[in-house]
Amino acid sequence: MSLSPDAIRDALAALTDPNLGTSLGKRAIAGLETEGGTVRVRLALDYPVATMGEAVREAVTQALSRLPGVESVQVELLSRIEIHKIPPGTQPLPGVANVIAVASGKGGVGKSTTAVNLALALLAEGARVGVLDADIYGPSIPQMLGLGHQPPESTDGKSMEPLMAHGLQVNSIGFLVDPETPMIWRGPMASQALLQLLTQTNWHELDYLVVDLPPGTGDIQLTLSQKAPLTGALIVTTPQDIALLDARKAVKMFQKVNVPVLGLVENMSIHVCSNCGHAEPIFGSGGGEKMAQEYGLPFLGALPLDIRIREETDSGTPTVVAEPEGPLAARYRDIARRVALALARAPRDLSHKFPTVVVQNR
């Protein structure tokens, strides 16, 4: 019995993606071949497939194996990360599909550490990722990624090439100024510097650009939220009430400027003594999860207060690359998968696919 390509396409289109909970649709079918009783199918998914792809592969294999005449199924998966909806009045960045802001509202909650490990976790999941250090007054990403003070190169004298660290594309104001020189800039100057870093860096075909915002809800945060093509934001907090007060302000700021909040990460959720193993929630318990429920936001995960995270990040080799198979890296990768799926569920941006229409009077 000859295999019907149409029947195979219909079966694939109707199949539920086990990660997203929605049907694959025919857009995901990037290639289909049949030979005898063998079916070879290539699928392009809107999220990284390094680990999440296995569930799809298994579901496709089982579904197609039930079709008459199918003897074997070969599945190839690839990521095709789409550009998703951005705030009105903004334009997608050249070379960047999605921009993710990491915010906290309050300093000292481990936002930058979370941002770099999130970026590295997305990279480990199979995505192409960059990091922009938007903390103009206190750039820490250069040290966290082991780059130090290295001015970025420019091939045209107008734009900058991102530096590379652990496979990430990176830019920061920390590469352009002396590490010990304080940035005594007023808000408008700092905001303009941030926009230049964002738009005058030659990002190369990124699926995700992770932007580490400074704490607070001032000029820099508002400028980025209103003028940059943010696909979404995630909020980092600790369980304590004081941190949650400022995290609420960050959520409301993004809501006011029409930037979707992808979810909330609770950092320093619990401390486990490295000597005796005693676990103690020294910053409180469950505050982040409770806040997420109050605002109807996804709770993306909890991270412990662990000396290894601090030591590894200070040394320039963050946890996800220092201990890629360890339990701490697994937590970051779980958060990264949830972020990627949240973006995959978001509406796609189609404006860049349509030509600009210019009306002229003659």
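Coordinates for the structure precede this section.
Below is a summary of the structure that appears in this document. (Residues numbered from 1 in each chain as written. Predicted model: local features only at pLDDT ≥ 70, side-chain atom pairs only at ≥ 80, totals over all residues. Heavy atoms only, no water.)

**Details of the overall build of the protein**
Alright, step 1. Within the protein, the regular secondary structure consists of eleven helices and 13 strands.
Alright, step 2. Against the 2.2 N^0.38 benchmark of 21 Å for 362 residues, the protein shows a C-alpha radius of gyration of 22 Å, consistent with a compact globule.
Alright, step 3. With respect to the principal axes defined by its C-alpha atoms, the protein has extents near 80 × 75 × 40 Å.
Alright, step 4. Buried positions account for 50% of the 362 residues belonging to the protein.
Alright, step 5. Sequence-distant contacts, at least 24 apart, represent 76% of the contacts inside the protein between residues at least 6 apart.
Alright, step 6. With an accessible surface of roughly 17000 Å², the protein has 51% of that area assigned to carbon and sulfur atoms.
Alright, step 7. Computed over 30 positive and 37 negative side-chain charges, the separation of the two mean positions in the protein equals 8 Å. (Helix = DSSP H or I, 4+ residues; strand = E, 2+ residues; numbered from the N terminus. Rg over C-alpha atoms; globule rule 2.2 N^0.38 Å. Buried < 20%, exposed > 50% of the residue type's maximum accessible area, 1.4 Å probe, protein only. Contact = heavy atoms within 4.5 Å. Areas by Shrake-Rupley, 256 points an atom, 1.4 Å probe, with all protein chains shown as cover. Lys, Arg positive; Asp, Glu negative; His and termini not counted. Charge placed at Lys NZ, Arg CZ, Asp CG, Glu CD.)

**Examining unusual backbone geometry**
Alright, step 1. At Glu205, a position not held by glycine, the phi torsion is positive, near 50 degrees.
Alright, step 2. Looking at the secondary structure, you find Glu205 in the loop between helix H5 (187-199) and strand E8 (206-212).
Alright, step 3. For Glu205, a relative accessible area of 52% corresponds to the exposed category.
Alright, step 4. Phi at Asn258 is positive, roughly 65 degrees, even though this residue is not glycine.
Alright, step 5. Along the polypeptide, Asn258 turns up in the loop between helix H7 (241-256) and strand E10 (261-266).
Alright, step 6. Residue classification places Asn258 among the exposed positions, given a relative accessible area of 53%.

**Considerations on the packing of helix H3 (residues 111-124) against helix H11 (residues 327-345)**
A pair of packed helices can be characterised by two numbers: the angle between their axes and the separation between those axes.
Alright, step 1. Contact pair H3 / H11: the axes reach a minimum separation of 8 Å and the direction vectors enclose 75 degrees. Here H3 lies roughly perpendicular to H11, going by the angle between them. Within the contact between the two elements, H3 uses Thr113, Thr114, Asn117, Leu118, Ala121, Leu122 and Ala124 and H11 uses Tyr332, Arg333, Ile335, Ala336, Val339 and Ala340.
Alright, step 2. Partitioned by chemical class, the residues of the contact of H3 with H11 number nine nonpolar, three polar and one charged. (Axes fitted to C-alpha atoms, helices over the stretch in contact; angles between N-to-C directions. Parallel < 35°, antiparallel > 145°, perpendicular 65-115°, else oblique. Nonpolar A, V, L, I, M, F, W, Y, C, P; charged D, E, K, R; others polar.)

By themselves these figures say nothing about function.
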